[in-house]
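# Examination of the molecular architecture
Each chain, written out:
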Amino acid sequence: MHQSLKNVLPVALVTGSTSGIGAAIARRLSKNGYALVIHSHNSVETGLALAAELGNAIYIQADLSNDKERIKLIHETVSWKGQLDVLINNAGINRIIPHDDLIPASPDIWHELHEVNVIAPFRLIAEAEVALRKSAQNGRAACIINISSHAGLRPKGASIPYATSKAALNHMTRLLALSLAPDIRVNAIAPGLVDTPLTKNWTSAHELWNKRSPMRKAAKPNDIAHLVAMLVTSDYLAGEILIADGGLNLT
Ligand code: NAD
């Protein structure tokens with residue numbers, strides 16, 4: 001666990017943490033002794049309730065497609081306890097478009113996905129850099145984890161703009177791991193299919209994972225939260241893209 005100069009709990013910001021994978025990550029880090037900043041775009045009531053339930057947590061609303069709100073999110077996060085030790089870039093959006101249907105993948109969709117899935121994580125990291133470097137002054141590197149997707153590594157995914165945005169996030173992870181080391185470790189987790197409300201009706205994807213993946217099932221949000229906890233605990237891993245697809249990529 002990170003220890004601050006004032007010997008208070010380390011602080012983690014998890015973007016998009018009112019639902020799905022982000023909520024599981026927030027719960028896990030809270031259990032592991034972190035003070036939590038819960039964030040989402042819309043679900044304010046859920047965010048406030050989760051922060052109250054966890055204790056030593058606050059909720060901040062911000063639209064990550066808007067640069068002013070990105071800056072505000074980091075400012076309010078760091079102002080809370082005067083520190084930031086862990087940043088989990090989990091918020092993301094997708095659009096479902098068959099890969100061979102090119103016209104519907106309009107410039108608007110490309111821009112929208114790129115803003116939230118690529119530019120937002122970069123801008124949050126840029127705004128958080130000073131606080132994260134300060135965290136490292138107590139002897140442990142600060143930690144950033146980007147939640148990307150297996151679709152950023154293989155010709156898969158809900159649409160070409162989505163898969164391409166996650167490929168960009170993976171490459172950004174490696175570039176920043178080099179630029180920000182040794183003060184800040186940057187890694188990514190690339191989930192395959194995760195059983196969240198978002199993917200509940202993705203019948204063919206669930207069939208694929210149940211039948212073909214070596215582990216014969218989709219991941220649960222807790223499986224991804226467990227990997228986040230592992231990466232946060234590490235003092236050494238940097239620039240890794242951890243594929244969490246139950247081994248589907250082997251088939
Ligand atoms: P989810 O829809 O439950 O969560 C997405 C979160 O992103 C929400 O909390 C939402 O508030 C936030 N968000 C979306 N647009 C935003 C915006 N403009 N501003 C601020 N916040 C915004 O989805 P999830 O399945 O839990 O996905 C979490 C992450 O995991 C995403 O980055 C997604 O691409 C990635 N992922 C999911 C799967 C899967 O199978 N569920 C697979 C691979 C990767």
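Going by the structure above, here's the rest.
Next up on the list: the side chain of R185. Within the secondary structure layout, R185 lies in strand β6 (residues 184-191). Buried and without a salt bridge, R185 has D235 as its closest oppositely charged side chain, separated by 5.4 Å. In terms of polar contacts, R185 uses its side chain to reach the backbone carbonyl oxygen of S234, at 2.6 Å. A polar atom in the side chain of R185 sits 2.9 Å from the backbone oxygen of L237. Once residues lying within four places of it in the same chain are set aside, the contact partners of R185 are R140, A141, A142, C143, I144, L231, V232, S234, D235, Y236 and L237.

Time to look at helix α4 (residues 107-136). If you check α4, its first and last C-alpha atoms are 40 Å apart, about what 30 residues at 1.5 Å a residue would give, namely 44 Å. The largest bend in α4 amounts to roughly 55° and is located at E129.

The next thing to look at is the sheet that holds strand β4 (residues 86-89). As summarised here, the arrangement of the 7 strands in space is β3-β2-β1-β4-β5-β6-β7, forming an open sheet in which the pairing is parallel. On the outer flanks of this sheet lie β3 (57-61) and β7 (241-244), each paired with one strand and no other. The sheet shows a mean angle of 15° between the axes of neighbouring strands, direction not considered. Sheet topology note: the strand β1 (residues 11-14)/β4 ladder contains 3 bridges and is parallel. Pairing of A12 across the sheet is with V86, part of β4. Most of the contacts of helix α3 (residues 67-81) go to β3, to which it runs at about 160°, and overall it touches β1, β2 (35-40) and β3. Running over the sheet, helix α7 (residues 221-233) touches β4, β5 (142-147), β6 and β7 and is turned about 160° from β6.

Cut-offs applied
In every chain, residue numbers begin from 1 and rise along the written sequence. At least 70 in pLDDT is required for a residue's local features to be given in this predicted model, at least 80 for side-chain atom pairs to be given and counted, and no such filter applies to totals for whole chains, interfaces and linings, which use all residues. The side-chain numbers reported here are obtained from all heavy atoms of the structure, hydrogens and water having been left aside. Helix numbering and strand numbering both begin at the N terminus, where a helix is a DSSP run of H or I of at least 4 residues and a strand a DSSP run of E of at least 2. For the exposure calls, accessible area comes from a 1.4 Å probe over protein chains only, and a residue counts as buried if that area is under 20% of its type's maximum, exposed if over 50%, partly exposed in between. Residues scored as positive are Lys and Arg, those scored as negative are Asp and Glu, and His as well as the terminal groups of each chain are ignored. Throughout this description, the term salt bridge denotes a Lys or Arg side-chain nitrogen within 4 Å of a carboxyl oxygen of Asp or Glu. Throughout this description, a polar contact denotes any pair of N or O atoms lying within 3.5 Å of each other; where both atoms belong to protein, one of them has to be capable of donating a hydrogen while the other can accept it, and for residues adjacent in sequence the pair is counted only when both atoms sit in side chains. Note on contacts: a residue pair qualifies if any of its non-hydrogen atoms lie within 4.5 Å across the two residues. Expected helix span is computed as 1.5 Å times (number of residues minus one). Two axes are fitted around each residue, one to the seven residues ending there and one to the seven starting there, and the angle between them is reported as the bend at that residue. By definition, two strands form a pair when at least two bridges between them are found by DSSP. Geometry is summarised by axes, namely lines fitted to C-alpha atoms with helices restricted to the contacting stretch, and by angles between N-to-C directions that run from 0 to 180 degrees.

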